[in-house]
Amino acid sequence: MSGTGTGSRDDPLATTPDTVPSGCFWFLDPDGTLCLAPGCMARIQDPDAECLCDTLTSRHTRLKQRMRELKERQRYADTWWHALRAAVDAHPDKQAILADTRERAGR
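Now for a quick tour of the structure. (Residues numbered from 1 in each chain as written. Predicted model: local features only at pLDDT ≥ 70, side-chain atom pairs only at ≥ 80, totals over all residues. Heavy atoms only, no water.)

## Overview of the pairing of strand β2 (residues 34-37)
To keep it simple, the criterion reads: In this scheme, strands are said to pair when DSSP sees at least two bridges between them. Strands are runs of DSSP state E lasting at least 2 residues, helices are runs of H or I lasting at least 4, and numbering of each runs from the N terminus.
Examined bridge by bridge, strand β1 (residues 25-28) and β2 share 4 bridges and lie antiparallel to one another. Within the sheet, the bridge partner assigned to Phe-25 lies in β2 and is Ala-37. Following β1, the chain reverses through 5 residues before pairing antiparallel with β2; Gly-32 in that reversal takes a positive phi of roughly 90°.

## Quick notes on the packing of helix α2 (residues 53-90) against helix α3 (residues 94-105)
To keep things clear, this is the line we draw: Orientation is described by lines fitted to C-alpha atoms, with helices fitted over the stretch in contact, and by angles between N-to-C directions that extend from 0 to 180 degrees. Should an angle lie under 35 degrees it is considered roughly parallel, over 145 roughly antiparallel, and from 65 to 115 roughly perpendicular; all remaining angles are considered oblique. Only heavy atoms matter for contacts: two residues are in contact if any of them lie within 4.5 Å across the pair. In this count, Pro and Cys sit with the nonpolar residues alongside Ala, Val, Leu, Ile, Met, Phe, Trp and Tyr, while Asp, Glu, Lys and Arg are called charged and the others, Gly among them, polar.
At a minimum axis distance of 7 Å, the contact between α2 and α3 shows a crossing angle of 130°. Here α2 is positioned oblique relative to α3, judged by the angle of their axes. On α3, the residues that touch Arg-85, Val-88 and Asp-89 of α2 are Lys-94, Ile-97 and Leu-98. When its residues are assigned to classes, the contact of α2 with α3 shows 3 nonpolar, no polar and 3 charged.

## Description of the nonpolar core
For soluble globular proteins, the rule of thumb is that nonpolar side chains tend to be buried together. Using the following cut-off: We define a nonpolar core as any set of buried Ala, Val, Leu, Ile, Met, Phe, Trp, Tyr and Cys residues linked to one another through side-chain atoms lying within 4.5 Å. Per-residue accessibility, obtained with a 1.4 Å probe over protein chains only, is compared with the maximum for each type, and a residue is labelled buried under 20%, exposed over 50%, and partly exposed between these values.
Counting 7 residues, the largest nonpolar core is built from Cys-24, Trp-26, Leu-36, Cys-40, Ala-42, Ala-49 and Cys-53. The residues contacting Ala-42, other than those within four sequence positions of it, are Ala-49, Glu-50 and Leu-52.

## A look at the environment of Glu-50
Of note, Glu-50 is situated in the loop between α1 (41-45) and α2. The exposure class assigned to Glu-50 is exposed, which follows from its relative accessible area of 65%. In this structure the C-alpha to C-alpha distance between Glu-50 and Cys-40, which are 10 residues apart in sequence, comes to 9.7 Å. Glu-50 has contacts with Ala-42 and Arg-43, leaving out every residue within four places of it along the chain.

## Quick look at the pattern of salt bridges
Stated formally: The working definition used for a salt bridge is a side-chain nitrogen of Lys or Arg within 4 Å of a carboxyl oxygen of Asp or Glu.
Throughout the structure, instances matching the rule amount to 5 salt bridges. Put simply, Asp-89 and Arg-85 hold a salt bridge, and the shortest N to O gap is 3.2 Å. With Asp-89 and Arg-85 both in helix α2, this residue pair falls 4 residues apart, about one helical turn. You can call Arg-85 partly exposed: its relative accessible area is 32%. In this structure, Lys-94 engages Asp-89 in a salt bridge whose closest nitrogen and oxygen atoms are separated by 3.4 Å. Sharing partners across several salt bridges, the network here consists of Arg-85, Asp-89 and Lys-94.

Okay, structure coming up:
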């Protein structure tokens, strides 16, 4: 197992929220023992397992972006639906349009 030399308990590296490792990282214990601070479930269960921190973080980021896109798409669809419904409600042939729509939708 290789380490990144991120410091020890007695001689820690200066860190800020921007410099604390976001995933798994290795450090030297005061007695010189190489230790792992696991950041992902894979390494909690097996220190020799492949670290999944970057994979999970990037996947989470992609999913959050996709969620934002879907919410924006839904907002657009809701706006379109309300405008269309208002146009149909104002049309003199409203009942015929709604009946035709129900038939096409199989309802």
